[in-house]
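# Report on the structure
The primary structure of each chain is shown beneath.
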Amino acid sequence: MTNPITAKIAGISRLRMETDGPGIRTLVHLSRCPLLCRYCLNPELRSGRIGKPFTTEQLLKELECDDVYFRASNGGVTFSGGEPACRSDFIEQFRSICPEHWTIAIETSLNVLPEHVEQLAGCIDLWIVDIKDLDGEIYHEYTGVANRRVLENLRYLAEHVPKERVLVRVPLIPWYNTPADVQASIKVVEEMGFKTETFTYVTEPEQSPGDGKPEYIDLLGDLVDPKAITDTHPEGERKMFWKKFVERINQEMPLMGIIDFNMTEGDDNEWD
Ligand code: SF4
């Protein structure tokens, strides 16, 4: 193979089932993301400074020990992030050298240049798309950027990729959208012919019985005055509470999943 392509990989998580595609999967986190989601679970990955450079050949060698699981379960590799679609060159080359029976999935926001989606269209077995919300204002408030490219890329997938290869996730995003907003997004996506799935980014815990104090207050320690949080409290302050709640989660659980090697910082940047 000429000119092996390199990408910065922030973590590899093995033996995953059910959430990242069919069979037993290995999740590969590619570094860097152009969005600024308020509830991001991997904020360290956004800058692209964290990670270890791998060529496609090195990644293949690293994952060869998983082949027995992939072969037995119709599993494979799921590229996640950060935003993996921005490294379509790396993923396409990896697909060309990995065993044919490995299935390749991608977890993406689709908020990338259309040429990345076009490059990946022929080599991804399952697209898992988190569209956030299709309402432009909600999307911008939650991610800090516009969603024009998401819609363009969804339309491209609708025309060029078998529908069964695409799963669109439509989250309920506390304090940013409502169940009615979620249903509005689902309607548009399903009219395009895609399967959808809903989930909640942060679920408001149950009120604890007795004193009426929400039990999740205990998770926040001294961040807020528990007396300040009630169901009748002004929305603006409840919104601030949830932002602090998620910031605390980000501090306590900076990276989800099992990371196999130490993350390193570096100045080299393969971002295009
Ligand atoms: S798309 Fe994912 S990695 Fe990027 S900012 Fe949003 S949650 Fe974080």
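Scroll up for the structure.
Presented here is a report on the structure given in the accompanying data block. (Residues numbered from 1 in each chain as written. Predicted model: local features only at pLDDT ≥ 70, side-chain atom pairs only at ≥ 80, totals over all residues. Heavy atoms only, no water.)

## Things to note about the overall build of the chain
The criterion, for reference: Secondary structure elements are taken from DSSP: a helix is a run of H or I of four residues or more, a strand is a run of E of two residues or more, and numbering for both begins at the N terminus. Under the scheme applied here, a residue whose accessible area is under 20% of the maximum for its type counts as buried, over 50% as exposed, and between as partly exposed, the area being computed with a 1.4 Å probe on protein chains only. Should any heavy atoms of two residues lie within 4.5 Å, those residues are counted as being in contact. Each accessible area value is a Shrake-Rupley result obtained with a 1.4 Å probe; residue values ignore everything except the protein chains displayed when judging cover.
A tally of helices and strands in the chain yields 9 helices and 8 strands. Looking at the chain as a whole, 46% of its 272 residues are labelled buried. A sequence separation of at least 24 residues applies to 72% of the contacts in the chain between residues at least 6 apart. Carbon and sulfur atoms make up 51% of the accessible area of the chain, which amounts to about 13300 Å² in all.

## With respect to the nonpolar core
To be explicit about the condition: Put simply, a nonpolar core is a bunch of buried Ala, Val, Leu, Ile, Met, Phe, Trp, Tyr and Cys residues held in one set by side-chain atoms that sit within 4.5 Å of each other.
Counting 54 residues, the largest nonpolar core has Leu59, Phe79, Phe94 and Trp127 as its most contacted members. The biggest single contributor to this core is helix α6 (residues 148–160), with 4 residues. Contacts of Trp127, omitting those with residues within four sequence positions, involve Ile106, Thr108, Leu110, Val117, Leu120, Ala121, Leu157, Val161, Arg165, Val166 and Leu167.

## Here's the deal with the site of the ligand
What counts is decided by this rule: The criterion for a residue being near a molecule or strand is simple. One of its heavy atoms has to lie within 4 Å of it. Gly falls in the polar group here, along with every residue not listed as nonpolar (Ala, Val, Leu, Ile, Met, Phe, Trp, Tyr, Cys, Pro) or charged (Asp, Glu, Lys, Arg).
Looking at the ligand, the residues that line it are Cys33, Leu35, Cys37, Cys40, Arg46, Gly82 and Lys132. Class assignment of the residues belonging to the shell around the ligand gives a composition of 4 nonpolar, 1 polar and 2 charged.

## Some details on the sheet that holds strand β5 (residues 103–108)
Rule in force here: At least two DSSP bridges between two strands are needed for those strands to be called paired. Note on definitions: angles span 0 to 180 degrees between N-to-C directions of axes, and those axes are lines fitted to C-alpha atoms, for helices only across the stretch in contact.
Taken in spatial order, the 8 strands make up an open sheet running β3-β1-β2-β4-β5-β6-β7-β8, and their pairing is mixed. Every other strand in the sheet has two partners, leaving β3 (52–55) and β8 (195–200) as the edge strands with one partner each. Each strand axis lies, on average, 30 degrees off the axis of its neighbour in the sheet, ignoring direction. The sheet contact formed by strand β1 (residues 6–17) and strand β2 (residues 24–30) spans 6 bridges and is antiparallel. Within β2, the position partnered with Arg16 by the bridge is Arg25. Sheet strands in contact with helix α1 (residues 56–63) are β1, β2, β3 and β4 (76–80), and its direction is about 95 degrees off that of β3. Contacting β7 (166–172) and β8, helix α7 (residues 179–191) runs over the sheet at an angle of about 165 degrees to β7.

## Observations concerning helix α5 (residues 136–143)
Counted only if it meets this: What the arc covers is the set of directions going from the helix axis to the C-beta atoms. Any N or O atom pair separated by 3.5 Å or less is treated as a polar contact, with the protein-specific requirement of one donor-capable and one acceptor-capable atom, and with residues adjacent in sequence counted only for side-chain atom pairs.
Looking at α5, one finds that the buried residues are Ile138, Tyr139, Tyr142 and Thr143. The buried residues of α5 occupy an angular sector of 105 degrees when the element is viewed end-on, so they sit on one face. Residues of α5 that are buried sit in contact with α6 and α7. At the N-terminal boundary of α5, the capping side chain belongs to Asp135, with an oxygen 2.9 Å from the backbone nitrogen of Glu137. The positive-phi residue at the C-terminal boundary of α5 is Gly144, with phi of around 85 degrees.

## Overview of the packing of aromatic side chains
Rules: Put simply, two rings from Phe, Tyr or Trp (the six-membered ring, in Trp's case) pair if the centres are within 6.5 Å, and we call them stacked under 30 degrees between planes, edge-to-face over 60, tilted for the rest.
On inspection of all chains with the given rule, the structure shows 6 aromatic pairs. With a centroid separation of 5.7 Å and an interplanar angle of 80 degrees, the aromatic rings of Phe79 and Phe94 are classed as edge-to-face. With a gap of 15 residues between them, Phe79 in strand β4 and Phe94 in helix α3 (residues 88–97) connect regions that are remote in the sequence. Both residues of the pair, Phe79 and Phe94, belong to the buried class. Chaining the aromatic ring pairs together yields one cluster made of Phe70, Phe79, Phe94 and Trp102.

## Some points on the pairing of β8
Each regular strand carries side chains that alternate between the two faces of the sheet. Heads up, the condition is: Crossover handedness is defined here as right-handed if the route from the first strand over the helix to the second strand goes clockwise, with the strands pointing away from the viewer.
Where β7 and β8 come together, 6 bridges link them in parallel fashion. Across the sheet, residue Arg169 finds its bridge partner in β8, namely Glu197. With α7 bridging β7 and the parallel β8, this β-α-β connection has right-handed handedness.

## Observations concerning the packing of α1 against α3
Applicable threshold: By definition in this entry, angles of less than 35 degrees are roughly parallel, angles greater than 145 are roughly antiparallel, angles of 65 to 115 are roughly perpendicular, and the rest are oblique. Should the near helix be turned counterclockwise from the far one by less than a right angle, the crossing is left-handed, whereas a clockwise turn marks it as right-handed.
Two numbers describe how α1 lies on α3: the axes approach to 9 Å, and their chain directions differ by 55 degrees. On the basis of the axis angle, α1 is oblique to α3. Here α1 and α3 pass one another in a crossing that is right-handed. Between α1 and α3, the residues in contact are Thr56, Glu57, Leu59, Leu60 and Leu63 and Phe90, Gln93, Phe94 and Ile97, respectively.

## Topic: the side chain of Glu107
Rules: Working convention for charge: Lys and Arg count positive, Asp and Glu count negative, and His plus the chain ends are omitted. Only one rule defines a salt bridge in this text: a Lys or Arg side-chain nitrogen within 4 Å of an Asp or Glu carboxyl oxygen.
As for its placement among the helices and strands, Glu107 is situated in strand β5. We note that Glu107 is buried and unpaired, the nearest opposite charge coming from Arg169 at a distance of 4.3 Å. A polar contact of 2.9 Å, which involves the side chain of Glu107, links it to the side chain of Ser80.

## A look at a nonpolar patch on the surface
Selection rule: Note that patches include only residues with greater than 30% relative accessible area and no salt bridge, and the join distances are 9 Å for like charges and 5 Å for nonpolar side chains (Val, Leu, Ile, Met, Phe, Trp, Tyr).
Side chains of Leu15, Val68 and Tyr69 sit close together on the surface and give an oily, nonpolar patch of about 290 Å² of accessible area. Looking at where Leu15 falls in the secondary structure, it is placed in strand β1. You can call Leu15 exposed: its relative accessible area is 52%.

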